[in-house]
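# Summary of the model geometry
What follows is each chain in one-letter form.
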Amino acid sequence: MSRLEAKKPPLFISEPLTGDAVSQSLSLLSGILKSSYGPAGRLKQLHNGVGGCVCTTSQSSALLGHLSISQPVLRVLTASVRNHVSRFSDCGLFTGILCCGFIENFRSLNVAPFTVIKISKHLLSLCMDHLKSEACGCRVSVDFSSVETLVCLVRSILTSKPACMLNKTEVNHLTSLVLKAFIFTVPCHVETNAVLGKCVIIPVKDRRVVDSTVFPGLLIETPEIQLGKPLAVKRTGSNMIKIALFSVSMSGDGFDPEEGTVAVHHGISLEESELNQLLNVGKQLVKDEVGLVVCQKVMHPSLKQYLKENGVIAVDRAGLAVMEPLCRMTGNRPPIASIHSLSPGCYGSLKDLCIASFASKHFLHLIPEETVICSLILCNRSETAWDELKRVCETAEHVLQLTMKEPLALLGGGCTETHLASYIRYKSSSLPASTFKDLDCSQTQYQLVAEGFCRSLESVARSLSHDGEDILTDMVYGHSWFVPPGSPSVSKWSDLVSKCGCGMNDNTEDLSWTFLQGQSGFPVIQACPKEPSAKVTDLLTLDCFAAKCSGLQVALETANLILDLSYIIEDQN
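What you see is a predicted model; the values in this text were computed from it and never measured.

## A word on the overall build of the protein
A count of helices and strands for the protein gives 15 helices and 20 strands. Considering the protein as a whole, with its 573 residues, one finds that 49% of them fall into the buried category. The long-range fraction of contacts in the protein, counting pairs at least 24 apart against all pairs at least 6 apart in sequence, stands at 76%. As displayed, the protein has an accessible area near 27600 Å², and 52% of this comes from carbon and sulfur atoms.

## Looking at the state of the cysteines
Scanning the entire structure with this criterion turns up zero disulfides. Considering cysteine sulfurs only, cysteine 164 is the nearest to cysteine 393, which forms no disulfide, with 7.3 Å between them. Taking the relative accessible area as the measure of exposure, cysteine 393 reaches 4% and is therefore buried.

## Examining the sheet that holds strand S16 (residues 470-473)
A sheet is described by the order of its strands in space; here three strands give the open sequence S17-S16-S18, paired in antiparallel fashion. Single-partner strands in this sheet number two, and they are strand S17 (480-483) and strand S18 (514-515). Here S16 pairs with S18 via two bridges, running antiparallel. Pairing of leucine 472 across the sheet is with phenylalanine 515, part of S18.

## Structural notes on the side chain of aspartate 474
Looking at where aspartate 474 falls in the secondary structure, it is placed in the loop between S16 and S17. No salt bridge is formed by the buried aspartate 474; its nearest oppositely charged neighbour, arginine 425, is found at 12 Å. A distance of 3.1 Å separates the side chain of aspartate 474 from the backbone nitrogen of valine 476, its partner in a polar contact. Reaching out from aspartate 474, the side chain makes a polar contact with the backbone nitrogen of tyrosine 477 at a distance of 2.5 Å.

## What to know about the pairing of strand S9 (residues 290-295)
Most of S9 is tucked away: six of the six residues are buried. One ladder, built from five bridges, connects strand S8 (residues 241-246) with S9; its direction is parallel. Pairing of leucine 245 across the sheet is with valine 294, part of S9. Bridge count for S9 against strand S10 (residues 313-315) is three bridges, and the pairing is parallel.

## Topic: the pattern of salt bridges
Applying the stated criterion to the full structure yields 16 salt bridges. Ionic pairing is found between arginine 381 and glutamate 170, a salt bridge with its closest N-O pair at 2.7 Å. Separated by 211 residues along the polypeptide, arginine 381 in the loop between strand S14 (373-380) and helix H11 (383-405) and glutamate 170 in helix H7 (residues 168-184) bring together distant segments of the chain. Residue arginine 381 is classed as partly exposed on the basis of its relative accessible area, which comes to 40%. Under the relative-accessibility criterion, glutamate 170 is labelled buried at 6%. Here arginine 455 and glutamate 451 are joined by a salt bridge, their closest N and O atoms 3.7 Å apart. Here arginine 455 pairs with glutamate 451, and both are found in helix H14 (residues 443-462), just four residues apart, close to one helical turn. Since its relative accessible area comes to 14%, glutamate 451 is described here as buried. Several salt bridges share partner residues, and in doing so they unite Arg425, Glu451, Arg455 and Glu458 into one network.

## As for the nonpolar core
One finds Leu131, Tyr446 and Leu552 to be the most contacted residues of the largest nonpolar core, which totals 115 residues. If one sorts the elements of this core by residue count, helix H15 (residues 545-563) sits on top with 10 residues. There are two domains that each give this core at least three residues, and those are domain 1 (12-138 + 411-570) and domain 2 (143-217 + 377-406). Look past the residues within four positions of leucine 552 in its chain and what remains in contact with it is Phe94, Leu98, Leu124, Cys127, Met128, Leu131, Leu420 and Leu457. If you look at the next biggest cluster of nonpolar residues, it comprises 24 residues, including Val200, Val294, Leu326 and Cys327.

## As for the environment of serine 212
On the secondary structure map, serine 212 appears in the loop between strand S5 (198-205) and strand S6 (213-216). Accessibility expressed as a relative area gives 3% for serine 212, which makes it buried. For the pair serine 212 and leucine 376, spaced 164 residues apart in sequence, the C-alpha to C-alpha distance is 7.4 Å. A distance of 2.8 Å separates a polar atom in the side chain of serine 212 from the backbone oxygen of valine 209.

## Some details on unusual backbone geometry
Located in the positive-phi region is aspartate 206, a residue other than glycine, with phi close to 65 degrees. You can see aspartate 206 is positioned in the loop between S5 and S6. The class of aspartate 206 is exposed, set by a relative accessible area of 62%.

## Examining the packing of helix H3 (residues 72-88) against helix H4 (residues 92-107)
In contact at an axis separation of 9 Å, H3 and H4 are set at 150 degrees when each is read in the N-to-C sense. What the angle tells us is that H3 and H4 run roughly antiparallel. The two elements H3 and H4 meet at a crossing, and its hand is right-handed. For the pair formed by H3 and H4, the contact residues are Leu77, Val81, His84 and Val85 on the first element and Gly92, Thr95, Gly96, Cys99, Cys100 and Ile103 on the second. Taken together, the residues of the contact of H3 with H4 break down into six nonpolar, four polar and no charged.

Rules and cut-offs
Residues numbered from 1 in each chain as written. Predicted model: local features only at pLDDT ≥ 70, side-chain atom pairs only at ≥ 80, totals over all residues. Heavy atoms only, no water. Helix = DSSP H or I, 4+ residues; strand = E, 2+ residues; numbered from the N terminus. Buried < 20%, exposed > 50% of the residue type's maximum accessible area, 1.4 Å probe, protein only. Contact = heavy atoms within 4.5 Å. Areas by Shrake-Rupley, 256 points an atom, 1.4 Å probe, with all protein chains shown as cover. Disulfide = S-S within 2.5 Å. Pairing = 2+ DSSP bridges. Lys, Arg positive; Asp, Glu negative; His and termini not counted. Salt bridge = Lys/Arg side-chain N within 4 Å of Asp/Glu carboxyl O. Polar contact = N/O pair within 3.5 Å; in protein donor to acceptor, adjacent residues only side chain to side chain. Core = buried A, V, L, I, M, F, W, Y, C linked by side-chain atoms within 4.5 Å. Domains from an automatic or database assignment. Axes fitted to C-alpha atoms, helices over the stretch in contact; angles between N-to-C directions. Parallel < 35°, antiparallel > 145°, perpendicular 65-115°, else oblique. Left-handed = near helix turned anticlockwise from the far one by under 90°. Nonpolar A, V, L, I, M, F, W, Y, C, P; charged D, E, K, R; others polar.

Below, the structure is given as structure tokens:
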């Protein structure tokens, strides 16, 4: 068959970063990310233009998930950021802004990309070595025997997303709930390979945020449950409740015509045969003293009635989301995948079972022997705010899990970025000649790339200013300080600033402030502080150590990959 249209040759685009289209797209994406950054970030409303739901957010996972990007360079950038967020849940905007900054600052240099990449990798290693050293002035140790640092960490995450629309009372309430829920997921008896549990978030919309609460164990919504009647649960001789979890359908329509043809003898009803098999399963469950049956899918009404008449509580349509935590809390046994064979070891156990009600919803409250699963009933006034709050609470839980593996945090509010920029300027001004020889570059080239590296870090700190605030940095700690817009000219900056961005330092000592503009010839700090100047009990703004370190590496590696592009080849067919 002849072609209706001749096949088009591929489109070759050489030196893509020099084109106006890429520059404009990169600048637009950078502007979107920067304007969304921080507690005062501007919200974005995303919709597909042909109907459907509207997403109002300033969170990177939602932003990048809803944006339709066709520019190949930007698709590489956003894919890297989304992959980082999928692994760490936090610091997505930081990673995206920093990556855009690296690209914009490095490509304007009169230095070969290959040289820029070598030097920037060396600068990254200096940053990572500093962040992992005890002498790092922007690192905070997290003590899990005390909640002060954990409270600061969770509060910083909750207040970073304005679409949640939380006031101070609500932030404090949710901070305590998230921490309480996390503590529930930590096993009481630590083994060699301890595995943290899970917090299941249950939505309740059109209610006050302060109505949110947390339950140990798992809540399963059961609208048909009768509150007036006491819950009689069959127990074993050891006073435990035996539970059977089924992932297979128990509706009686197990035969699918699409799977093939079934030969049935004359006078035999396939439906009746299926039902008899289900009732046989029910008899086995009753014989085995099972007190609770949970089915992921649909359960036949006759089977539910039979179980009820024999004192067994039956719940169907539980859904896939609750099966994994259910298996975990009832003994780590996989759900039963067949109705044709039940082994004695296929059952789990519960400590207790009761009825719980919240607002207009009724739940079965499953209480395990050891609590590693909990249920967070999360309330908010609107669906948009609830969606954003759910993402934020999930991020906070993941950050706490990461922090337990590596009990460190970094100072927020732009202070880590400006501190690292000051540190890099300090280190790069005193490197031995052997370093430049090893990198096969001149000292001038190294200083140019280092300055671009520092400006990129400082651009992240500047992104926190959305209302025209001037940003200062001090010459002692290298922290960022925000001056309110419209402030009068004064001879002493200490009359205008009270605390730095992270809240660690105040204006009681002379710190020699100067404007943060990222210009060349920026003064360097004299030394890096070894100990924090304030106690962690202060209201600090903190960031996740693991997420920010990864974001820094991902941003630079992605920028270097894009800077090294010489051709883009697009199929036109």
